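Each chain, written out:
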Amino acid sequence: DAKTTQPPSMDCAEGRAANLPCNHSTISGNEYVYWYRQIHSQGPQYIIHGLKNNETNEMASLIITEDRKSSTLILPHATLRDTAVYYCIVSNYGGSQGNLIFGKGTKLSVKP
Amino acid sequence: KAGVTQTPRYLIKTRGQQVTLSCSPISGHRSVSWYQQTPGQGLQFLFEYFSETQRNKGNFPGRFSGRQFSNSRSEMNVSTLELGDSALYLCASSFQGNLNTEAFFGQGTRLTVV
């Protein structure tokens, strides 16, 4: 089972920041937090991942709380093309775990 | 750099037949994982191959099998197809499957069993 809890849906106005929360209270010390998104009927797209420090790349920022029990993905200026299902995953992917366990994710709708 | 390539993109098969799907990972990537996505069950892990060896396996029946070749390309096979096998099959590749790595997904193969 997925080890994360996400709201099933969120709306965001175009041009505004989209903040997607994720709870992962049972995360282990060697597990990373990954974010992927899936636009309708396409393969999931990697966004960002982190262990305990905040991370930023050209797509998004990842804020992880100090106790690592929750995180927030921030899309700084959401566009209509950011409408997708966003998955938060905790995993030691690549270590003893060779797979990513996807939950139901958050369906983000960006509206004009 | 080319992404993960899956062929074919769409496939229609009859119940009882078998099917083989192909995945070419990103050049240099040695780990290939397969996932099944259905509306009811979401994205579920099938198996992972690394250096031609199955390293991890999900909870699917033995009708689902796979292999990886020396060039890291992978195939998955489903025998005795059932209607419930209709799904989007996704392949993901990663560099070495080590910690702190990310997986990149292909566009998937949409299998319809009639």
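Above this text sits the structure in question.
The rules we used
Residues numbered from 1 in each chain as written. Chains lettered and ligands numbered in written order. Predicted model: local features only at pLDDT ≥ 70, side-chain atom pairs only at ≥ 80, totals over all residues. Heavy atoms only, no water. Pairing = 2+ DSSP bridges. Helix = DSSP H or I, 4+ residues; strand = E, 2+ residues; numbered from the N terminus. Disulfide = S-S within 2.5 Å. Buried < 20%, exposed > 50% of the residue type's maximum accessible area, 1.4 Å probe, protein only.

**Student:** Teacher, can you tell me more about the pairing of strand β9 (residues 106–111) of chain A here?
**Tutor:** In summary, the side chains of a regular strand alternate between the two faces of the sheet. Residue and element names in this part refer to chain A. In this sheet, β9 lies alongside strand β1 (residues 9–13) in parallel orientation, the contact comprising five bridges. Paired with S9 across the strands is K107, a residue of β9. Pairing of strand β8 (residues 84–91) with β9, which is carried by three bridges, proceeds in the antiparallel orientation. Paired with A84 across the bridge in β9 is L108.

**Student:** I would appreciate a short explanation of the sheet that holds strand β6 (residues 61–64) of chain A in the present structure.
**Tutor:** Residue and element names in this part refer to chain A. Read across the open sheet, the four strands follow the order β2-β7-β6-β5; overall the sheet is antiparallel. The open sheet has two edge strands with one neighbour each: β2 (18–23) and β5 (55–56). Pairing of β2 with strand β7 (residues 70–75), which is carried by six bridges, proceeds in the antiparallel orientation. Among the inter-strand pairings, C22 is bridged to a residue of β7, identified as S71.

**Student:** How should I be thinking about the state of the cysteines in this particular structure?
**Tutor:** The term disulfide refers to a covalent linkage connecting the sulfur atoms of a pair of cysteines. This structure, assessed with the given rule, holds two disulfides over all chains. Covalently, C22(A) is tied to C88(A) through a disulfide, its sulfur atoms 2.1 Å apart. On the sign convention where negative is left-handed, the bridge of C22(A) and C88(A), at about -80° about the S-S bond, is left-handed. In this pair, C22(A) sits in strand β2 while C88(A) sits in strand β8, placing the two residues 66 residues apart along the sequence. Given the relative accessible area of 1%, C22(A) is considered buried. Each disulfide pairs two cysteine sulfurs, and for C23(B) the partner residue is C91(B), the sulfurs being separated by 1.7 Å. Measuring handedness by torsion sign, the sulfur bridge of C23(B) and C91(B) sits at about -45° and is left-handed. Here C23(B), found in strand β3 (residues 19–24), pairs with C91(B), found in strand β9 (residues 87–94); they are 68 residues apart in sequence, far enough to count as distant.

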